[in-house]
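# Close look at the chain arrangement
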Amino acid sequence: MSDIACNSCNALLDTSDIEPFSECECPECGANIVIPYHFGNLVLKESIERYGVFDIYSGCTSDDEKDTYIYILNNEIKDYEDTLKLAEETAKQFAELNNHYLNKTIGFGVENDRFYVTEAIPDGYDMSSYDPATAEEPLNFENVVEIMKSVGLGLATLHHKEIAHHDICPENIHIDDKGNVKLKKLFISSFTYKYNVLKNLPHEVSPYFISPEKLEKGTEEKPGDAFSYAAVAYFLLTGKYPFIGRNEIETKYCRLKKGNGFQPGKADKIPESPDEVKYKIPEMPKKLREEINDEINNTLLSAFKYEIGVRPNIPQILDAFTMYQANKDKEEGIAAAQKKMVLTETVIIPGDKLKKKKKKGFLGIFGL
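One structure accompanies this document, and this report is about it. These figures come from a predicted structure and were not determined experimentally.

With that settled, the discussion passes to the sheet that holds strand S10 (residues 114-120). With antiparallel pairing, six strands are arranged side by side in an open sheet as S5-S6-S7-S8-S10-S9. Sheet topology places strand S5 (37-39) and strand S9 (105-111) at the edges, where each strand pairs with a single neighbour. Strand-to-strand twist in this sheet, taken as the mean axis angle between neighbours without regard to direction, amounts to 40°. The strands touched by helix H3 (residues 186-199) are strand S6 (42-51), strand S7 (54-61), strand S8 (68-73), S9 and S10; relative to S7, the strand with the most contacts, the crossing angle is about 160°.

Here Lys 45 shows up in strand S6. You can call Lys 45 partly exposed: its relative accessible area is 30%. Sequence separation of Lys 45 and Ile 35 is 10 residues, and the distance between their C-alpha atoms is 6.8 Å. Once residues within four sequence positions are removed from consideration, Lys 45 is found in contact with Phe 21, Val 34, Ile 35, Pro 36, Ser 58, Gly 59, Cys 60, Glu 65 and Asp 67.

Attention now goes to the packing of helix H1 (residues 80-95) against H3. Between H1 and H3, whose axes approach to 10 Å, the crossing angle comes to 145°. For H1 against H3, the interelement crossing comes out right-handed. Contacts from Thr 83, Leu 86, Ala 87, Thr 90, Ala 91, Gln 93 and Phe 94 in H1 reach Leu 186, Phe 187, Ser 190, Phe 191, Lys 194 and Tyr 195 in H3. When grouped by side-chain class, the residues that make up the contact of H1 with H3 number eight nonpolar, four polar and one charged.

Once that is clear, we can look at the pattern of salt bridges. Summed over the entire model, instances satisfying the criterion amount to 14 salt bridges. The partner of Lys 185 in a salt bridge is Glu 171, and the shortest N-O contact between them spans 3.2 Å. Placement of the pair is Lys 185 in the loop between strand S13 (181-183) and H3 and Glu 171 in the loop between helix H2 (141-160) and strand S12 (173-175), with a sequence separation of 14 residues. The exposure class of Glu 171 is partly exposed, given its relative accessible area of 38%. Between Arg 289 and Glu 291 there is a salt bridge, with its nearest N and O atoms 3.1 Å apart. Residue Arg 289 is classed as buried on the basis of its relative accessible area of 11%. In this structure Glu 291 comes out as partly exposed when scored by relative accessible area, which is 33%. Where salt bridges share partners, they join Arg 50, Asp 55 and Arg 114 into one cluster.

This brings us to the side chain of His 203. Here His 203 is to be found in the loop between H3 and helix H4 (212-217). A polar contact of 2.7 Å, which involves the side chain of His 203, links it to the backbone oxygen of Gly 218. Ignoring sequence-local partners within four residues, the contact set of His 203 consists of Tyr 193, Asn 196, Val 197, Lys 214 and Gly 218.

Conventions we followed
Residues numbered from 1 in each chain as written. Predicted model: local features only at pLDDT ≥ 70, side-chain atom pairs only at ≥ 80, totals over all residues. Heavy atoms only, no water. Pairing = 2+ DSSP bridges. Helix = DSSP H or I, 4+ residues; strand = E, 2+ residues; numbered from the N terminus. Axes fitted to C-alpha atoms, helices over the stretch in contact; angles between N-to-C directions. Contact = heavy atoms within 4.5 Å. Buried < 20%, exposed > 50% of the residue type's maximum accessible area, 1.4 Å probe, protein only. Left-handed = near helix turned anticlockwise from the far one by under 90°. Nonpolar A, V, L, I, M, F, W, Y, C, P; charged D, E, K, R; others polar. Salt bridge = Lys/Arg side-chain N within 4 Å of Asp/Glu carboxyl O. Polar contact = N/O pair within 3.5 Å; in protein donor to acceptor, adjacent residues only side chain to side chain.

None of this, on its own, says anything about what the molecule does.
In structure tokens form, the structure reads like this:
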């Protein structure tokens, strides 16, 4: 198919001599157009990246023009049949999930002898757009609590079904135009983790949020998600990373070794290998932001424990945010009730009673 319609003026354009994904101008209205690539029933609009053994595109199907992520498996890899089986099992697992807080895996199948998976592209933005270094002020505290509650509810659903996400980071937390929070890239994160474990490959994820066991042993279970979830919450609440060093080696490996914490000084050698990195205790989050109460503070710090068995699980971390919000709502409710009582006594009561009150000096402070 060589003709496409301009999104702005609907003029039909002959694109037979133009390379897919290249940009051109509509000769009728001057609008910028990216030339799509028709791949069986899939319409690939933009090449995003290669992620492990999958090529990722934005696009849609010929039957539904709603934009989606499209993951297409490289069919030239070694052990293709085993990889295909793993991909199919993982895709089926997520396609069967339907949760408000989880970005939906729409479907999967085969086009042009290539296996593919589609995932909805929500409107809005993801939390990787937050940069404390350039932000004029910290993120609204109540909004962060609400975001982390939503992510926690989505994760709790996954964990209840014995599924781990394996890449909890700001980039994978999405806020749509209506304010709904969704955890995304479920299929690709889970599949890539399983594939890397199977092939004994390193995990290419953010050094700020990776769990100690995933870094050290190459494997993790649900407690790894809990560690990463707490690390993201710490970052969004305080604008600081719980573990950070003077280079990437120190940033990653300072969460591994047990023992006394340290504060690197000028005399400390910048590590060149993991064996040179000392364990670092994260700074107490409540010292970085006064709105953080003891329960959130202590729960997050517990989630950073090196020992897996003593970390709180997702529902327990979620409880800390829920209790904070409940107490806040209770305080605001009491304050609102008190304000209403004052207004009732001073404004809403009938005029004849106001006169009686005035004689007693009740409204003297208002000059009445």
